[in-house]
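# Analysis of the macromolecular model
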Amino acid sequence: MTPTERRAAVAKMREAEIRHARLAMLAAAGWPLSELLQGGRAPSVLNGGLGDGPVPFFLVLAAGAAAYVEYLSEEAANQASGLGPAAPRLAGDFGFDPLGVMAEEGAYRRKELSANELFNGRLAMLAITGFAAQEFLWGTPVVEQTPFFFGR
C-alpha cells in the first residue's frame, strides 16, 4: 500500500468513526428518553419491539437520512480522488453549521472541538453498548436500573 493509499484509507476510517460517534451520541440520549416517555424498555434488536408502533416508519426515515449522508461523503471522496484539486475538508464536516459555531472559532479551537466530539462519541459508543447489554441481561429498562441518573 502506497503512502497516498494509506492516507486515503485512514481518512475514510476517520470519516466512519465520526459518523458512528455522532449516531452513538444521539442514541445514548435517545435510549433513556424513549424509556422515560413510553414507560418501558427501548425497542432494540436484543429485547424486541422494533416492529411495534411507529418504529418501522422511523427506521425507514433514519435509513434514508443515513443513505443521504453516506452519499455526500462518497461524493466528497470521489471529488478528492479525481484529477482536479479537492477543497480541503475535515472528517465529518458536511458544511452543516446553522449556528455558526465552527465559523467563529480559530484553527486551534476547531481542532479542540473536533477532538472533544470524537472523545465524547467514543464514550457514547460504549454507553449505548452498555445500555443494550444491561437490558438484555437484566430484562428491565435502564432508567429503572439507574434511578439516580434519571430522577426516579
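Look a little higher up for the structure.
Below or above, wherever it landed, is the structure these notes cover.

## Some thoughts on helix H4 (residues 107-138)
Taking 1.5 Å as the rise per residue, H4 with 32 residues should run 46 Å; its terminal C-alpha atoms sit 46 Å apart, in good agreement. Residues Ser-114, Leu-118, Gly-121, Ala-124, Ile-128, Phe-131, Ala-132 and Glu-135 constitute the buried set of H4. Tucked inside the fold, the buried residues of H4 contact helix H1 (3-38), helix H3 (101-104) and helix H5 (142-145). In the segment just after H4, Gly-139 is the residue with positive phi, at about 75°.

## Comments concerning the packing of H1 against H4
It is at 7 Å that the axes of H1 and H4 come closest, and there the two elements cross at 50°. Considering the angle they form, H1 stands oblique to H4. Judged by the sense of rotation from one axis to the other, the crossing of H1 with H4 is left-handed. Residues belonging to the contact of H1 with H4 are distributed by class as follows: 14 nonpolar, 3 polar and 7 charged.

Analysis parameters
- Residues numbered from 1 in each chain as written.
- Predicted model: local features only at pLDDT ≥ 70, side-chain atom pairs only at ≥ 80, totals over all residues.
- Heavy atoms only, no water.
- Helix = DSSP H or I, 4+ residues; strand = E, 2+ residues; numbered from the N terminus.
- Expected span 1.5 Å × (residues − 1).
- Buried < 20%, exposed > 50% of the residue type's maximum accessible area, 1.4 Å probe, protein only.
- Contact = heavy atoms within 4.5 Å.
- Axes fitted to C-alpha atoms, helices over the stretch in contact; angles between N-to-C directions.
- Parallel < 35°, antiparallel > 145°, perpendicular 65-115°, else oblique.
- Left-handed = near helix turned anticlockwise from the far one by under 90°.
- Nonpolar A, V, L, I, M, F, W, Y, C, P; charged D, E, K, R; others polar.

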